Each structure stands twice: as structure tokens, then as C-alpha cells.
Amino acid sequence: MIRTAIFSGSFNPVHIGHLMLANYIAEYEPVDEIWFVLSPQNPLKQQSGLLADRLRLRMLNLALEDFQAFKSSDIELSMPLPSYTIRTLNTLKEQYPEREFILIIGSDNWLRFYQWKDYQEILSHYSVWVYPRPGYPVSDMKLPQSVRMIDSPVFEISSTDIREAFRQGKNLKAFLPYKVYNFIKENTLYT
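Just so we're clear, the structure is a prediction, and the values are computed from it rather than from any experiment.

A. Seen up close, the sheet that holds strand E2 (residues 33–38). With parallel pairing, the 6 strands of this open sheet are ordered in space as E3-E2-E1-E4-E5-E6. The strands lining the two open edges of the sheet, one partner per strand, are strand E3 (70–73) and strand E6 (147–149). For this sheet, the mean angle separating the axes of adjacent strands, direction not counted, is 30°. Together, strand E1 (2–9), E2 and strand E4 (99–106) form the strand contacts of helix H3 (residues 85–95), whose direction differs from that of E4 by roughly 160°.

B. Structural view of the packing of aromatic side chains. As enumerated under the stated definition, the model contains 14 aromatic pairs in all. In textbook terms, an aromatic cluster arises when at least three aromatic residues are bridged by ring pairs, as seen for Phe 7, Phe 11, Phe 36, Phe 67, Phe 70 and Tyr 131. Looking at Lys 93, its charged tip hangs above the ring of Tyr 126, at a distance of 5.3 Å from the centre. Taking the ring centre of Trp 129 as reference, the NZ or CZ of Arg 148 above it sits at 4.7 Å.

C. Here's a closer look at unusual backbone geometry. Residue Pro 13 follows Asn 12 across a cis peptide bond; omega there is 5°. Inspection of the secondary structure assignment puts Pro 13 in the loop between E1 and helix H1 (16–28). Note that the residue after Leu 81, namely Pro 82, is joined by a cis bond; omega there is 0°. Note on placement: Pro 82 falls in the loop between E3 and H3. Unusually for a residue other than glycine, Asp 118 sits at a positive phi of about 50°. Assignment of secondary structure puts Asp 118 in the loop between helix H4 (107–110) and helix H5 (119–125). Taking relative accessible area as the criterion, Asp 118 reaches 36% and is therefore assigned partly exposed.

Reading guide: rules and limits
- Residues numbered from 1 in each chain as written.
- Predicted model: local features only at pLDDT ≥ 70, side-chain atom pairs only at ≥ 80, totals over all residues.
- Heavy atoms only, no water.
- Pairing = 2+ DSSP bridges.
- Helix = DSSP H or I, 4+ residues; strand = E, 2+ residues; numbered from the N terminus.
- Axes fitted to C-alpha atoms, helices over the stretch in contact; angles between N-to-C directions.
- Contact = heavy atoms within 4.5 Å.
- Phe/Tyr/Trp six-rings, centres within 6.5 Å; stacked < 30°, edge-to-face > 60°.
- Lys NZ or Arg CZ within 6 Å of the ring centre and 35° of its normal.
- Buried < 20%, exposed > 50% of the residue type's maximum accessible area, 1.4 Å probe, protein only.

Geometric descriptors of this kind do not, in isolation, establish any biological role.
Listed below in C-alpha cells is the structure:
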């Protein structure tokens, strides 16, 4: 079985925090690949300023070009809305039976995981790895058997803050992959 971690998000935009977390997981956890699944819209989030899917996918592809174990996936863009993780995982499992899929989520999402559609089915059929987010502590003493905390560093970088910084004309070049930063500037995105 090829162990494939699924890291879903709107990636609006993808930033170095996403890449650092994925890099940490690729190097320190038992996984073969990490697939960044681009979500059209999180049903539990109000997202203002969401760029067109094709622009976010282009930035995601630019960000992942230099990482052999990282792949982008646009599977949710062709699925019915809203995007439900259980639907995505089951579709991936059908299409790639040779892979074991592991869901990666932040501790903020874990604390409201019970609101996810068919969350119990996810817990029954998939492993869930939870990474720490500032302000959202999770006790690993109370986790179901299929869930575990990842002891990754905490990355306090958010796409929301990056979008706001662009609106304010700030230079956050160090917060974004070089190619993504250039793409945003060349296309005057988030201004």
C-alpha cells in the first residue's frame, strides 16, 4: 500500500506554512506522498475573497513543482458542492485502491470535527492525523483509535493575514513560495 496523506484546503493562497507542515510530515511521519486537495469552498467556513479555482490551482502547482513527494489534486473541483471530505476520501479510495489515505487536519478543525458530514464514517475507515494550531489545544488522551496528534512545529501563518497584507500593500515575499509570490504580483491578485 502506498501511504498517501490528504491535505485539503482552499489554499487562498498556498503559503510556506502549508509547505513547512507538509515537509515535516513527509520527513518525520510514515507516509509516501502528500496530496494537496484544492477545495472549492469549505461548507463550514464563510470565505470572502476566494479566488477562482483555476488561479488557486495554478498557484498550488507552482508551489509544489520542486517537491517530489507533493502532488496537487483538483478532484473536488469536479465533484458536487458542497465539498464533503467523506465524499472526497471515498472517491479517492475507489480511484486508487492501491493507496491508503490518511487525512491531515489542524487542531482547530479537530475540535469541530463532529460537525463534519459523516465524521464517524471517516473515523471508521481512515486514519486522521491532527497537527497543532495556536489557540486550539487537543488532548491526545481522549482521541479515538484512528486519530493521533502529530508533534509538528506550530506555524502561525494564515492565508487570511497574507490576503490582508496584500490589500494593505505590504511585502510578504518571505511568507510565500517564490513562484507563488511572483504569480500574485504579476496578476495583481488580492489587491
